[in-house]
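Geometric and topological summary
Letter by letter, the chains look like this.
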Amino acid sequence: MSQQLEKPKIFIGMGTCGLAAGAKGVHEAVAAYLDEKKFDADIVKTACAGTCYVEPLMDVHIPGNSRVIYQKVKPADVGKILDGHREGAPLKKKALAQWSNGEPDYEGIPGFKDLELNQLQNRFILHNCGIIDPDSIEEYEASGGYTALRKVLVDEKWEPKVFVQFIEDSKLRGRGGGGFDTGWKWSECAKYDADEKFILCNADEGDPGAFMDRALLEGDPHAVIEGMILGGYGIGATFGYIYCRAEYPQAVQRLNHCLEACRKKGYLGKNIMGSDYSLDIIVKEGAGAFVCGESTALQYSIEGGRGMPRPRPPQSVEAGLWDKPTVLNNVETFANVPRVVNIGIEKYLSLGSEKSGGTKIFALSGAIKNAGLIEVPIGTTLRQVIFDVGGGIPKKKKFKSVAIGGPSGGCLPESTLDYPVDFETLIEAGAMMGSGSMVVCDEDTCMVELSRFFMEFCADESCGKCTPCRIGNTVLLDILTRITKGEGRMEDLDLIDEYGKYIMSMSLCGLGKSSPAPALSAVKFYREEFIKHIVDKECPTVKCEALRKYIIIPEDCTGCGACIKPCPTGAIMGQRKEIVYLNQELCIECGVCYDKCNFLAIL
Amino acid sequence: MSDKETVTLKIDGIEVTVDKGSKVYDAAQKAGVYLPGLCYDPKLTRFGGCRMCVVDITSRGRTRGKWACCEPASNGVEVTTDSDGIRKKRQIMMEFLLMYHPLDCPTCNESGACGLQDAAFYIKQKKGRAPQKRRNEPLLIDNPVLERDFNKCILCGKCVIICDEIQGKRAIDFQQRGFEAEVGTELRVPLDCDYCGQCLAVCPTGSFQDHTEDYKGHDWEYTKTVTTCPYCAVGCSIVINTKGGKIVKVSSDDYVGVNNGNLCAKGRFGHEAYQADDRIKTPMVKGGSGWDLACWAPVLDEVAEKLKDIAEKNGPDSIAVVVGESLSNEDAFMVKKAFGEGLGVKRIDSLSNMRNRDLNSGLMTALGSSAPIVSYDEIKKAGAFLFVGCDAEKENPVIANMIRVAMRDNKTPLYVANARDTLFEPHEKLRVRYNYGGETALVAGIVTAVLNAATTDRAKELGKSAKKISLKHAEEYSGVATKDIKTLAEGLTANGAPMIFMGSEIFDHQAGADIARAVADLADVTGGKALLYREYCNSQGVNDMGIGADSPDGDLFTDIAGGRVKALVLAGADPSVFARDGKSVLDAIGKAEYVVATSSYMNASAELADVVLPSCVAVEREGTLTNNEGRVQQWRKAVEPLGDSKPDWRIFSKLGSLLGVDCGCSKIDEITSEIAQKIDGYAEITPKSLMWGGQQVSYSAESVSYQYGTEPMEIPASDGYTHRVLFGNSLYHIGSLSHRSKALTEIENDVMAELDFDEAEKNGLSEGDNIRIESEKSSINAVVRISDSAVPGIVFIPKSFSDNPALTLAGRADAATMVKITKVASE
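Residues numbered from 1 in each chain as written. Chains lettered and ligands numbered in written order. Predicted model: local features only at pLDDT ≥ 70, side-chain atom pairs only at ≥ 80, totals over all residues. Heavy atoms only, no water.

Focus on the overall build of chain A
Filter applied, for reference: Elements are defined by DSSP. Helices are runs of H or I of four residues or more, strands are runs of E of two residues or more, and each kind is numbered from the N terminus. Throughout, the radius of gyration refers to the C-alpha atoms, and the reference size of a globule is 2.2 Å times the residue count to the power 0.38. Burial here depends on accessible area, computed with a 1.4 Å probe over protein chains only, as a share of the maximum for the residue type. Under 20% is buried, over 50% is exposed, and the range in between is partly exposed. Should any heavy atoms of two residues lie within 4.5 Å, those residues are considered in contact. Asp and Glu are treated as the negative residues and Lys and Arg as the positive ones, with His and the ends of the chain left uncounted. A charge is said to be at NZ when it belongs to Lys, at CZ for Arg, at CG for Asp and at CD for Glu.
Check the secondary structure of chain A and you find 22 helices and 16 strands. Its C-alpha atoms give chain A a radius of gyration of 27 Å, within 12% of the compact-globule value 25 Å for 603 residues. The principal-axis extents of the C-alpha atoms in chain A amount to approximately 90 × 65 × 40 Å. Out of the 603 residues in chain A, the part that is buried amounts to 60%. Long-range contacts, defined here as pairs at least 24 residues apart, represent 69% of the contacts in chain A between residues at least 6 apart. Side-chain charges of chain A comprise 68 positive and 82 negative groups, with the mean position of each set lying 3 Å from the other.

Quick look at the packing of aromatic side chains
Residues and elements named next belong to chain A. Quick note on the threshold: Only the six-membered ring of Trp is used, alongside the rings of Phe and Tyr, when aromatic pairs are assigned; centres must lie within 6.5 Å, and planes under 30 degrees apart are stacked while those over 60 apart are edge-to-face, with the rest tilted.
With the rule as written, the count across this model stands at 30 aromatic pairs over all chains. Residues Phe124 and Tyr348 carry aromatic rings whose centres are separated by 5.8 Å and whose planes lie at 45° to one another, so their mutual orientation is tilted. Of this pair, Phe124 sits in the loop between strand S5 (95–99) and helix H4 (137–142) while Tyr348 sits in helix H13 (residues 345–351), and the two are 224 residues apart along the sequence. The two residues Phe124 and Tyr348 agree in class, both being buried. One aromatic cluster in this structure is built from Trp158, Phe163, Phe166, Trp186 and Phe334.

Re the sheet that holds strand S2 (residues 14–19) of chain B
Residues and elements named next belong to chain B. The line we're drawing: Should DSSP find at least two bridges between two strands, the strands are taken to pair. For helices, the axis comes from a line fit to the C-alpha atoms of the stretch in contact; other axes are also lines fit to C-alpha atoms, and the angle between any two N-to-C directions lies between 0 and 180 degrees.
Here we have five strands laid out as an open sheet, ordered S2-S1-S5-S3-S4, and mixed in their pairing. Of all strands in the sheet, those bounded by a partner on one side alone are S2 and strand S4 (62–67). Between one strand axis and the next, the sheet turns by 35° as a mean value, whatever way the strands run. Pairing analysis gives six bridges linking strand S3 (residues 54–59) to S4, with the strands arranged antiparallel. Bridge pairing in S4 places Ile57 opposite Arg64. Packing against the sheet, helix H2 (residues 84–100) makes contact with S3, S4 and strand S5 (78–80), and its axis sits at approximately 145° to S3.

Quick notes on the environment of Ile379 of chain B
Residues and elements named next belong to chain B. Within the secondary structure, Ile379 sits in helix H11 (residues 377–381). Residues Ile379 and Leu807, 428 residues apart in the sequence, show an inter-C-alpha distance of 32 Å. Sequence-distant contacts of Ile379, defined by excluding residues within four places in its chain, comprise Phe385, Ile399, Met402, Ile403, Ala406, Met499 and Phe501.

Considerations on the interface of chain A and chain B
The test is simple: For any pair of parts, buried area is found by adding up, for both, the accessible area (1.4 Å probe) each one loses once the two are put together. We define a salt bridge as a side-chain nitrogen of Lys or Arg found within 4 Å of a carboxyl oxygen belonging to Asp or Glu. By the criterion applied in these results, polar contacts are pairs of N or O atoms within 3.5 Å in which, for protein atoms, one can donate a hydrogen and the other can accept it, and in which residues neighboring in sequence qualify only through two side-chain atoms.
On the side of chain B, 35 residues touch chain A, which itself brings 37 residues to the contact. Both faces considered, chain A and chain B share a buried interface measuring about 3,000 Å² in area, 62% of it formed by carbon and sulfur atoms. Note that Lys88 of chain B and Glu498 of chain A form a salt bridge whose closest N and O atoms lie 2.7 Å from each other. There are 15 residue pairs in polar contact (both at pLDDT 80 or more) connecting chain A and chain B.

Comments concerning the packing of helix H18 (residues 490–506) of chain A against helix H20 (residues 517–525) of chain A
Residue and element names in this part refer to chain A. The test is simple: Here a crossing is called left-handed whenever its near helix is offset anticlockwise from the far helix by less than a right angle, and right-handed whenever the offset is clockwise. Residues are grouped as follows: nonpolar covers Ala, Val, Leu, Ile, Met, Phe, Trp, Tyr, Cys and Pro; charged covers Asp, Glu, Lys and Arg; every other residue, Gly included, is treated as polar.
The N-to-C vectors of H18 and H20 enclose an angle of 145°; their axes lie 9 Å apart at closest approach. As for how H18 packs across H20, the hand of that crossing is left-handed. Contacts from Leu493, Ile496, Asp497, Gly500, Lys501 and Met504 in H18 reach Ala517, Ala519, Leu520 and Val523 in H20. When grouped by side-chain class, the residues that make up the contact of H18 with H20 number seven nonpolar, one polar and two charged.

Structural notes on the pairing of strand S4 (residues 67–70) of chain A
Residues and elements named next belong to chain A. By the alternation rule, side chains of S4 split into Arg67 and Ile69 and Val68 and Tyr70, which are all buried. Two strands pair when backbone bridges link them, and strand S3 (residues 58–61) and S4 are joined in this way by four bridges, in the antiparallel orientation. Within the sheet, the bridge partner assigned to Val60 lies in S4 and is Val68. Linking S3 back to S4 in an antiparallel pair, the connection comprises five residues, with Gly64 at a positive phi of about 95°. Looking at chain direction, S4 and S5 are connected through four bridges and run antiparallel.

As structure tokens, then:
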């Protein structure tokens, strides 16, 4: 931040993750504190800084000193923190890190970049998230915003063709999952002559475990808007829509606010920044269907129809929304555009791998220490992401699997951890980049249950249009459910494989083309676990309720005999001072023995 | 077709050439290669949901699996429709479908005609490997004509698409998601639609069932007879399905006739009327104590004697014949021959003619080639559509279907100029509402605007001298703003020749002939075509047969009442309902000395007759009829005549022989051939030429100048009467036949008077209220329907209901019929 600070600022992370952790109470407490102590400071509501595991966050920035981030702030802590900070003694216990802009640092508080999770990260796209006030267009401008737009439209007056070629050269690939070449898509669309063209932003982020788009929209909405305007200029769009799911009320509100600010500043509307190009963008709220993230279904939804994909050709770039040439890109893709323009192709390419430039944002969740939003250069290995950035598995448990790409991706085992994260490698491994969710599973996760969960999600979210997705997914779900109940057969494994492959090849849209992937990869990598369910009727992780069995742990059994008498079926046998024996055939899994055992010897 | 671009490709090694834009599926069909495709219908936008038509397409050396229904045919590609890989894919898809779709074929009505059965059979699908996954929804019967079985639906989407694209209703759509996805109404509220049954026609499974068929048999047991629909003037081909001499259902065939498989509720579900119980089965003679049943021979002898007697005593002008417009050409021809030649009767007329001679029969000779007979093919080619006084959706629903298809395919813009706000989906570009009586002024105004703009060849040729009205006057007389008139003129000329439709509003209009001439003028200057909707299935043909051509002027019923006409023959006509001022008509018929009626059903006019002769209905007889576009098509016999009933032509040829005419016809083909010889334009119409899809009459075209008055019609003020009546036909009822159909009367049994919402609310009326509609002439009972088409001050009343005949409200020479509406307490 290059802005000169005049009076103290208190930043509160009020993204959805912060709010969920209780940021609202913190905000109230801060307001009350300022009121009470007559402390003259500004309160700024920022969004997610990526460190979701330590929310709620509160930053305090006093002129002349660095900005300190306090973690896991409770309303009760506010007074203590602010009192201490004003006296020049930050509460080190609560301080997570500090940001400095050449200002003197406090002693004993690590720099934000020195944090474990930030060492491998490159916050290239997220550079504003959690730092600036996302509602303030001035702050965005101060951090270099809309300079790319000015450069292309006004200062250097690039031809649309030149600009599209520039994006093509940057090897910017769609961050929505498919990794489609953005520049090529734009140049295809630019080819068509039409009275109207549309540029759409896909902000219908629906994967369980994915929140990258939300964080961007809440934390740096102007970057997305700037990218859209640039894209619109490249293809000659006459109107733009941001299709945002209604479950992101904060993002919708913020986008509307920012679009209005853009209109006032002349970044949107007739003759943008005095150039010949005109564009307006509005937000269209989705009604919560996962399939509306598919481009043609999204277009139908905008048109007011039922969100259902249509067969192609024609491609959207030829006849998309309202049958006009249309380009649809993901939130993150658009956020990349102004950055590429600003730093130039060479620098951008040097960030990523050979085939795709730049960085990728991932949402880390599940059994991981530093759950949150991370951004790494494309090509970083999974191990680095999970263990170095993510901090590994908590409670010293073992790593088991990582589900990449949510319900359409795959579950990768430990043997794939050294794969670099890029579009091609992941697809080869049986997963996909997806939008970038990574759910880490520890040894306690049942892979059958996990794939059943993902399958349930897809079967539920299928629009019902095409046979393989509507019926096939439900059949697969049925088979997986049966296995979790111990009613599986060995043939089922082959059936999952066969059905899954045909569902993927025969489905109409991306949902069906990818929905069996988690199950397929689970069967491939964790076949033993499936067999255990089917043959031994046993769930090694004790996650499948129907297969739950009570067992005696001999090492822990003291032979107290407390469990013998209460057993209603007489399944537990033994003498006092002897390790008891549980007859599984008689056991009805009532759980009485478990309650009675004082030594946790019955599980 | 020659002007279209074509592409050539290979299907399984067979080279085929198809139009550009066709799909690989079409090409395969052309090559004679079967593809299982459950969601594909050439007349609908592709859906791509069943995934069954997967094929391998090799282009530029790359082979990829594609779906034939979605993939555009392109030059030089090679398509493989069958291989192990493809078969496996299809098998898995079918396995999924059969895990879902109940296999209760033995008890399914669709069995034998089921697309899913055919496809499964072709694929040779055996039992599925995973347990079945079925839905268990009860059969839904929430309307008189369609049954829904959600379990059998495979979500091919055809019903949803046809309902939207061709019917414009969107009554059904996909609901729910995933496995629970189903086709139906939102929240499963009862279906409220046109009941056209288009969904039923395209459904490949038994998910939509015809309630009127009622499990009477299986498709393979039915004898199918293609014939022409006897309801409205579109001339749709219907397929009568019979089993054991009984009509079971009506189906449609996409490849026969003018309608491309589209039918309306009347055509598809109105078949119960044909064999209804209350048909007249025997000749009846009025005796002292009521009707006596009689035998044909003595009755016809008696009729002939009686008529001869009256003619001898009072001259041939004392006999009049009214010919119904649902009779065939042969019937009408034979009526004219028997009475014209046998007794010298001149007054052989139809009710349409009596109402508006200038418009009905005068127009054909008065106008040149551009009106009012144009082929339906013109709809596909039109550059724009204009409705003038026309409720396309209700009057000729299948023409509305054709218009929608053209709007979908060609993005043809639609303009509407009506006295009401009649509905039409998809929406029009511009809608104007004119003042009643100012129609000619409006049309002449558009003509003027076209001439002013001089963008068409004809307008350039004519120059500004040809205009008949100034735009200022047009605005003043019609109430339509000059700006809108100019927009209409521009819209009609922008994309090439427009097509203009005139409906019943014009037909019932006292100034209808002038309006039609003005429209013909407009068609002329824009280079377009005009089509006047006729009312009944053979209105055009009866006219062509010269019915009414020699009629003297003067009102028939006044003449009967005045004793100038002594004997009346009603050949399939019921003036008590279908002539204006029905009360005075009934009085007049009651005063006639001798009345003979032929009819399939008893009606108020026939009740007053001395002799009633049973004529059989359309599906029991042969004959030809001429539709809206002048296409002559055949009626074919699907079932034997009920009781002693006979076709009218046979009755009148017998009667003619008794009157001394050489009718000598025992076969209908002979009459058809005689018509070809004697009637202008029918020379090419021979029984042979009609075999496939009928043949168009070649009407002689004259170049004429269109003379019409542009002054607004004077409508005398009437105190105390608040609403002007627009008469028309309801979507479900036309003529007297439809009222005998159980299904159609269940859909609509009451006279539904359409009123504007605000106005009705002001008067304390709401939907479903019973009202009494009163004019100077009479009064009828009706039920309020609040309609978006209605406008204040106008009430729309359907006219075919014999219990409450709306036309009794109208005076015979009224420029406009004014009524007042009062609410009556419901019973």
